[in-house]
Amino acid sequence: MVCVVATAGAGKTTAVVRATGSLGLPVAWLGVDASETSAGRLLTYLEATLALRVPAADGVATRALRAGVQHQEAAGLLAEALGESPVLLVLDDLERLVDSGDAFGVIEGFVRYATPETRIVLISREEPPLDFGPTLLMGRVGALGESELAFTVDEAAKALELAGASGVDPGVAVAATGGWVAGVVFEAWRSAPDLPLINGEADPLHGYLSSGILARLDAADRDFLVETSVLDEVSAERASGLGHPDAAQRLASLRGRHLPLTWRHYPLAMRVHPRFREFLRERLERRGEDLVSATRAAYGRLLVSEERDEEAVEELLAGGADDAAVAAAEHAIIPVLDRLDLNVARRWLALLAHVRPLASPRLTTAELMLLIASEEYARAIEVSDRLHALGRRDEVARSSPRAAALMAWCAFHAGRLDDARGVLERAERTSETAAMWYCLSLADTEAEDAAALAAPITGGPLDALVMRVDYYHGFLDRLLVDAQKPWTRDVAAAWRVGALIALGRTEEAVELFESTRRARRSTWLSAVAAADLLYELGRKEEARRALDGAGDLVNATGSRLLQALSDAIEAKLQLRHRRDVPAGHAVLDRLDAQPWVADYAFLREQSAAWRGLALLMENRDDEALGVLRATVASMQAGHRLLYLPTAATYLAEAEWRAGDEEASDEAVEVALDASERMGSRHVLLQALRDFPTVAARRIDAEPSGASRWHRLGRALRAERVELSGVLPARILVREFGQLSVEVDDRPAPLRLTKSCLLLAYLATTADRADRRSRVLEALFDAGRDGSVAAYLRQAAHRARQVLPEGVLLELTADSVTLRPPLAVVSESVRFEALLEESLALQGRARFDVLVRALSAWDGGDYLPRVDLAWANDRRLGLQAARDDALVEAGILAFDAGMYSDAEELASRAIAHDPVREDAWQVRMQTMSALGDYPAVLRAYRECERELAAAGAKPTETTVVLLERLRR
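On a predicted model such as this, the values are computed, not experimentally measured, just so you know.

A. Expanded view of the sheet that holds strand β6 (residues 234-235). Pairing in this open sheet of three strands is antiparallel, and the strands run β6-β8-β7 from one edge to the other. The open sheet has two free edges, formed respectively by β6 and β7 (261-264), since each of these has just one partner strand. Pairing of β6 with strand β8 (residues 269-272), which is carried by two bridges, proceeds in the antiparallel orientation. Opposite Ser235, over in β8, you have Ala269 as the bridge partner. Strand contacts of helix α14 (residues 247-255): β6, β7 and β8, with the helix running at about 120° to β7, the strand carrying the most contacts.

B. Structural context of the sheet that holds strand β1 (residues 2-5). Ordered in space as β2-β3-β4-β1-β5, the five strands form an open sheet in which the pairing is parallel. Among the strands making up the open sheet, the edge pair consists of β2 (27-31) and β5 (142-144). Along the sheet, successive strands turn relative to each other by an average axial angle of 15°, direction set aside. With five bridges connecting them, strand β3 (residues 87-92) and strand β4 (residues 118-124) associate as parallel partners. Bridge assignment links Val90 to a residue of β4, and that residue is Val121. Docked against the sheet, helix α1 (residues 12-20) engages β1, β2, β3 and β4, running at close to 160° with respect to β4. Helix α5 (residues 101-113) contacts β3 and β4 of the sheet and is inclined by roughly 155° relative to β4.

C. Quick peek at the pattern of salt bridges. All told, the structure shown has 52 salt bridges when counted by the stated rule. A salt bridge links Asp589 to Arg611, with the nearest nitrogen and oxygen atoms 2.9 Å apart. Of this pair, Asp589 sits in helix α35 (residues 581-592) while Arg611 sits in helix α36 (residues 601-617), and the two are 22 residues apart along the sequence. The exposure class assigned to Asp589 is partly exposed, which follows from its relative accessible area of 43%. Classification of Arg611 by relative accessible area gives buried; the value is 15%. If you follow the salt bridges from partner to partner, you end up with Arg41, Asp232, Arg238, Glu306, Arg308 and Glu311 in one network.

D. Quick look at the packing of aromatic side chains. Taken as a whole and assessed by the stated rule, the structure comprises 17 aromatic pairs. Ring centres of Phe894 and Tyr899 lie 5.5 Å apart, and the angle between their planes is 55°; on these two criteria the pair is classed as tilted. Members of the aromatic cluster, connected to one another through ring pairs, are Tyr471, Tyr472, Trp495, Trp524 and Phe602. When the ring centre of Trp857 is taken as reference, the NZ or CZ atom of Arg882 above it lies at 4.6 Å.

E. Region of interest: helix α18 (residues 322-338). In this model α18 runs 23 Å from its N-terminal to its C-terminal C-alpha over 17 residues, within 8% of the 24 Å that 1.5 Å per residue would give. Of all bends in α18, the biggest is about 40°, found at Ala332, and the proline Pro335 comes one to four residues later. Of the residues making up α18, those classed as buried are Asp322, Ala325, Val326, Ala328, Ala329, Ala332, Ile333, Ile334, Val336, Leu337 and Asp338. Buried-residue contacts for α18 involve α3 (60-66), α16 (289-305), α17 (309-318), α19 (342-351), α20 (361-373) and α23 (401-413).

F. Layout of the pairing of β3. For β3, the tally of buried residues reaches six of six residues, placing the bulk of the element in the interior. Residues Val87, Leu89 and Leu91 line one face of β3 and the alternating positions Leu88, Val90 and Asp92 line the opposite face, and both faces are buried. For β2 and β3, the ladder comprises five bridges, and the chain directions are parallel. Residue pairing in the sheet places Gly31 in a bridge with Asp92 of β3. As for the winding sense of the linkage, the β-α-β connection from β3 through α5 to β4 is right-handed.

G. Seen up close, the pairing of strand β10 (residues 740-743). Relative to β10, strand β9 (residues 731-734) runs antiparallel, the two sharing four bridges. Looking across to β10, one finds that Val733 is bridged to Val741. As consecutive antiparallel partners, β9 and β10 are separated by five residues, and within that stretch Gly737 has a phi angle of approximately 90°, a positive value. Bridge count between β10 and strand β11 (residues 746-747): two bridges; the pairing is antiparallel. Counterpart to Glu742 in the pairing with β11 is Pro747. Between β10 and β11, which pair antiparallel one after the other, the connecting turn spans two residues, and Asp744 there sits at a positive phi close to 55°.

Cut-off values and rules
- Residues numbered from 1 in each chain as written.
- Predicted model: local features only at pLDDT ≥ 70, side-chain atom pairs only at ≥ 80, totals over all residues.
- Heavy atoms only, no water.
- Pairing = 2+ DSSP bridges.
- Helix = DSSP H or I, 4+ residues; strand = E, 2+ residues; numbered from the N terminus.
- Contact = heavy atoms within 4.5 Å.
- Axes fitted to C-alpha atoms, helices over the stretch in contact; angles between N-to-C directions.
- Salt bridge = Lys/Arg side-chain N within 4 Å of Asp/Glu carboxyl O.
- Buried < 20%, exposed > 50% of the residue type's maximum accessible area, 1.4 Å probe, protein only.
- Phe/Tyr/Trp six-rings, centres within 6.5 Å; stacked < 30°, edge-to-face > 60°.
- Lys NZ or Arg CZ within 6 Å of the ring centre and 35° of its normal.
- Expected span 1.5 Å × (residues − 1).
- Bend = angle between axes of the 7 residues up to and from the residue.
- Right-handed = clockwise from strand over helix to strand, strands pointing away.

Structure (structure tokens):
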């Protein structure tokens, strides 16, 4: 990328034109104007420009905008669509966009995702307000400014000679203007004694245009040029629309003059050079407010006749033609919203508030979309109520299904189910109203099969609603599949975070949570998902603070529903994580005291599940049994899976305490079946950790050690690793293959190995702290003499020099502590965290996480050149965990029919530990599945030899497997 930034008339465009001609690349050149300050419009023009050179770009961004993708991401998709096609993109006149952060966001998004084959030139009179981060374009950006573009004395002499001003001293001209190209050229005018200000103009270029061009025209032609300067192209027909009946005559007259115009024939039309048009527009502004307003209003009406409604709205508003602007806005505002130019639509509605009809279906739809996008549910319900008071709500609902769905959505948030159903009943059945009917299934105690009821994902704005409902029904796979579509990636990302949390895919949840939280505000993400995720990471106090801090945000939305969901999560925190039963009851009492909550089945069920837990914790078993039986039955009748494993597990405990073992077994099977239908055992494992005896009793009843319940038991017994290892940290210690430290994704210049080892050791400790004596022993395998203690102080000092701002390494007489704890993580801790995460998953999801964990070993062994007792012990433990993961991933690959993967994983495990019989079994099964029966026997013989060398022989399981596979 090259940025060419200099004042007007510095020769920027000329320099770039000459340079691009020598590169041999296809050139896509877009000169922007003031109408492209809206991000969606700029992106549309950018796509059209690039499509002229790279056809694959055609339609990519506009389709994404219609699907609700944010502007920056749509620009990224456009950049990716160029692929390996070489192209040089030039964006000229960017100073026109400096007040539009949204427009520059489009440029940032494009540059971030541009491939190396795409070259970019930015031309601007002002510094472009772009932020690509500290490393994205390091070494890949060039800049040209005033000094590079400025004339030398020799160049100035040639230019002045060509301009007919050879009498001006080029050295004086360069000294006076700093070599500014236009300044040098017009220095002759500035220095002339009879034209000191060049027709009264301070700008020499405007002075030249005024005295050298306009002054030489007759008054009619001069007025025609000024008053038609609002037009990008001036034809007789268009000029007549502005009130110039003699337009054909004026065009013919101007055609015979040497002017900065370009001409089109048949029919005759002219385009004014951008700099000349800029000057003419300024002259128009000087002719008085009445004339300017009348001209712009006439131009707006002309644009309406040409079906350019969006541009027409801006001109009509500027011309004071508010009624005409309303009509144009009714046509243009929904497409503007569909491409997510929310600020444009918001400004239109504000400017037209005093004149627009209150019951306009399209403007009402736009207003509701804006309010919902900014989560102002209370204000949105006021819009619906205002229409109802006027007797017009049903009319709007009948004429606009989208408006009906949006009004119903707001009523749903307000706790007014009857209103929601009433509005929908008036509307035509479309994909948008179907989405809202699907939402209402969350409130029904009994419903038809929710999977059959589920509304489709269409790529439209109501997809966010569908995804919310999918989440609470537990159809988590739908959320993740739809997330793969590039044009819906940004829709309802918060709910995909929730799905990943429920599935136990914590690392992915953290990554998406961080990117979503930065990109856009989501009250649900801040008030519900954030706290839930922090629980998962074991950061309970931070979860508490996240929930408290979200209170103001929830209240600002005016949504009763969000407040209720926030209360439900708070009850979960108090009971499951803080074990504070009175506090849990208090939150649930506050939730249940709201009469409307009883009408929302999915809220009632969440409250009842946590109430059941509280009652069991108090040994109020009879009350718990009644509450939990009712809520499990309600969840089953409504096909709501998300909390069913939790409630059914608690019910199993309550039934057991009541002495009904058969009912307890039935409940626990309901829990297991629901978790498998969701595609993860994670929610079930969480509930079983509350009452592990439920699993113990079920395991006891299983005749085989290979049952589903035995596998769950192993997951429960597994030592828990601190899940904060999956958080993106500011300090990353790399340990596999080599020891190094990265700070904020950049290598840190830590040359002292003990400093790196100190950070590596602290990353493995609880709360990133340990006793000083243990740190000395770990890092030095030595006592506490003065030299060792001094070496530790030196290592800590060197480490502090590279730590980022806000991260402290404290060394006291008793302890060594790094704060905050989440600031540092190591590759090995991430490896362990991913293994822990995999325990709650099943099938392909578990395989993917295991493979991601194993990739840590691609760089080599753990601290291979470090010979310390602590590091050696940890290396052995990690190697054992790696080999277990290899075998487990191999089994999963075999079960999924990925035989090549299964063989490769089993072979890696055997290479590390030749006596791993389970790895040999996977290899034998893979050979059999591929039909290579001789290879099965060879694998068995190799296994037999390796075991014999270790003084053992194959178990009966392996022998039986051989016989079965050979048949």
